[in-house]
Amino acid sequence: MRFLATPSISPNMRIALILLMSAVSLFIVSHYVLEAMRYGATPQQVTSAVTGDEELFIDPLPFEELLLQVHMNLFFIFLLLGIVGATYIRLFAERRSTRTLILLLGASSLTAQPIFLLVPVAGNIAATLWLVLTLVWHLAAFAAALFCIRALARGSK
Amino acid sequence: MKRSALYSLLAATLAVVAIFTVATGLWLYLLRSVPTPTLTGWLEIAAVHLLGMGAVGFTLLHLLLVSKEDGGPGKPFRPSVALFAVISVDIAASLYGENIFRTLLAVLTFAAFSGIATLLAAKATGAK
């Protein structure tokens, strides 16, 4: 992460960052698809997957499994926020929207995790909120990664 | 907004995420504690956590250094060296800790040192 402190980004570092941001973009898409496949894309599907559904022969998920998912997601969010956030700030520090984007990504991703733990208690309300927040933080991170790739590819920064 | 202020904001957000990660990890450990952990079981956990804690510790301390001295690598590398030494020793202790209390102690110190790193980052953020 030495590029954070250097005044200009060398061509080799630029390529490395483009590759890193591409991998991050793929991670974001695959993570979202995986979550949608595992828990569903609608509030009803999420609630059924977490609390179980006798008619559909779906067993409820144990709380430990939900907590493990949250623990892993927090780690992914940490890395994602660190990599995308640091690169975005390095490239677009002068933009007014940078602060908003970092805050939006951090707040939505962090809030989504405890809300996911509330799905067994609050049902569809928590599931809806979790789905919205999950979509928001994935979109925010994906947009930030794409902006970084575009700026690095153009060589404008 | 100044770049150093944005890095401080990022460091603060990461510190909060790190606190939640450590807290959920500890909660999970307390829920899942088994009386006789096998070496394979602990290796499965330790291998992932060596990478995870290394990444979390490195990122926090790196951002701490960047937010302290914008534009230079800075000199206080001692905390990061100490953190990595503690993490390594701690993981080694928990690997061979057949006694659950020794393992719990290892995990608790693990969490404590992560917390110290987090607090250092948060303190640097607050000072800006």
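## Quick word on the overall build of chain B
Part 1 of the reasoning: Helices and strands together make up the secondary structure of chain B, namely 4 helices and 0 strands.
Part 2 of the reasoning: N-terminal to C-terminal, the α/β element order of chain B is α-α-α-α.
Part 3 of the reasoning: Residues classed as buried in chain B amount to 44% of the 128 residues present.
Part 4 of the reasoning: Carbon and sulfur atoms make up 73% of the accessible area of chain B, which amounts to about 6900 Å² in all.

## With respect to the interface of chain B and chain A
Part 1 of the reasoning: Each partner contributes to the interface: chain B provides 30 residues, whereas chain A provides 28 residues.
Part 2 of the reasoning: Carbon and sulfur atoms make up 80% of the surface buried where chain B meets chain A, a total of about 2900 Å² over both sides.
Part 3 of the reasoning: Where chain B meets chain A, there are 0 salt bridges.
Part 4 of the reasoning: Where chain B meets chain A, there are 2 residue pairs in polar contact (both at pLDDT 80 or more).
Part 5 of the reasoning: For the side of chain B that touches chain A, the elements supplying multiple residues, two or more each, are helix H1 (3–32) and helix H2 (39–68) of chain B.
Part 6 of the reasoning: A total of 18 residues in the side of chain B that touches chain A trace back to one element, the largest contributor, which is H1(B).
Part 7 of the reasoning: In terms of residue class, the side of chain B that touches chain A is built from 18 nonpolar, 10 polar and 2 charged.

What counts, and where the lines are drawn
- Residues numbered from 1 in each chain as written.
- Chains lettered and ligands numbered in written order.
- Predicted model: local features only at pLDDT ≥ 70, side-chain atom pairs only at ≥ 80, totals over all residues.
- Heavy atoms only, no water.
- Helix = DSSP H or I, 4+ residues; strand = E, 2+ residues; numbered from the N terminus.
- Buried < 20%, exposed > 50% of the residue type's maximum accessible area, 1.4 Å probe, protein only.
- Areas by Shrake-Rupley, 256 points an atom, 1.4 Å probe, with all protein chains shown as cover.
- Contact = heavy atoms within 4.5 Å.
- Buried area = accessible area lost by both parts, 1.4 Å probe.
- Salt bridge = Lys/Arg side-chain N within 4 Å of Asp/Glu carboxyl O.
- Polar contact = N/O pair within 3.5 Å; in protein donor to acceptor, adjacent residues only side chain to side chain.
- Nonpolar A, V, L, I, M, F, W, Y, C, P; charged D, E, K, R; others polar.

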